[in-house]
Amino acid sequence: QVQLVESGGGQVQAGGSLRLSCAASGLTFSRYRMGWFRQAPGKEREFVAGVSRSGGRTVYADSVKGRFTISRDNAKNTVYLQMNSLKPEDTAVYYCAADRGTGYSPVVATTAVEYDHWGQGTQVTVSS
């Protein structure tokens, strides 16, 4: 079965950086669109960033554009989220997600309903 395991979360001061990783197994990784979402206490899960199957296309939420970078290594079955200039409002549980899509799907998935597989999440806490 498909498994997604996130790592790299932790506590950091505002202005700092973290790099999240998501290791995938049980799937042909290069055939899956990948994304990162986050959920803060009392809030709905929100899209953060998505990447196409090849890694050539990326989409970001406005709130993280210019600060976060999503990338993938299809040889390592891993997707990354480099987070720079972190703010307290970035505090949340971050989830990795995967979706096979179809031939008619957009190259990057940006909504939670498009994703079939989810990781368990990793906590990111940014202190002021």
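A. Looking closely at the environment of Y32. Counting through the fold element by element, Y32 comes out in the loop between β3 (18-25) and β4 (33-39). On a C-alpha basis, the gap between Y32 and S128 in space is 36 Å, while along the polypeptide they are 96 residues apart. Setting aside anything within four residues of it in sequence, one finds Y32 in contact with L27, R53, R72, A98, D99, R100 and H117.

B. Quick look at the state of the cysteines. Under the criterion given, the structure shown has one disulfide. Covalent S-S linkage joins C22 and C96, the inter-sulfur distance amounting to 2.1 Å. Residues C22 and C96 are joined through a disulfide that is left-handed, its torsion about the S-S bond being -75 degrees. Residue C22 is found in strand β3, and its partner C96 is found in strand β9 (residues 92-99); the two are separated by 74 residues along the sequence.

C. Fine view of the nonpolar core. Counting 35 residues, the largest nonpolar core has M34, W36, V79, L81, M83 and Y94 as its most contacted members. Looking at this core, the elements with two or more residues in it are β3, β4, β5 (46-51), β7 (68-73), β8 (78-83), β9 and β11 (122-127). Top element by residues in this core is β9. It accounts for five residues. When residues no more than four places from it in sequence are discounted, the contact partners of Y94 are E6, L20, W36, F37, R38, V48, F68, L81, M83, G121, T122 and V124.

D. Geometry of the packing of aromatic side chains. Overall, the coordinates contain four aromatic pairs when judged by the stated rule. Ring centres of F37 and F47 lie 5.6 Å apart, and the angle between their planes is 75 degrees; on these two criteria the pair is classed as edge-to-face. Taken together, the positions of F37 in strand β4 and F47 in strand β5 put the pair 10 residues apart, joining distant regions of the chain. Side by side, F37 and F47 carry an identical accessibility label, which is buried. When the ring of Y115 is compared with that of W118, the centres are 6.1 Å apart and the planes differ by 65 degrees; the resulting orientation is edge-to-face. Directly above the ring of Y95 sits R45, whose terminal nitrogen or CZ lies 3.8 Å from the centroid. Between the NZ or CZ atom of R45 and the centre of the ring of W118, over which it lies, the distance is 4.7 Å.

Calculation notes
- Here the residue numbering is sequential within each chain, running from 1 through the sequence in written order.
- Thresholds applied to this predicted model are a pLDDT of at least 70 for local features of residues and 80 or more for the giving and counting of side-chain atom pairs; totals over whole chains, interfaces and linings are not thresholded and use all residues.
- Each side-chain value is worked out from all heavy atoms of the structure, with water and hydrogens disregarded.
- A run of H or I in DSSP counts as a helix once it spans at least four residues, and a run of E counts as a strand once it spans at least two, with each numbered from the N terminus.
- Contact between two residues is taken to exist if any of their heavy atoms lie within 4.5 Å; hydrogens are not considered.
- Any cysteine sulfur atom paired with another within 2.5 Å is treated as part of a disulfide.
- Nine residue types can take part in a nonpolar core, namely buried Ala, Val, Leu, Ile, Met, Phe, Trp, Tyr and Cys, and a core is a set of them joined through side-chain atoms within 4.5 Å.
- Throughout, exposure labels follow a simple rule: accessible area from a 1.4 Å probe, protein chains only, divided by the maximum for the residue type, with under 20% read as buried, over 50% as exposed, and the rest as partly exposed.
- Classification of ring pairs uses Phe, Tyr and Trp, with its six-membered ring standing for Trp, and accepts pairs whose centres are within 6.5 Å; under 30 degrees between planes counts as stacked, over 60 as edge-to-face, and the remaining range as tilted.
- Placement of a charge over a ring requires the Lys NZ or Arg CZ to be within 6 Å of the ring centre, with the centre-to-atom vector within 35 degrees of the ring normal.

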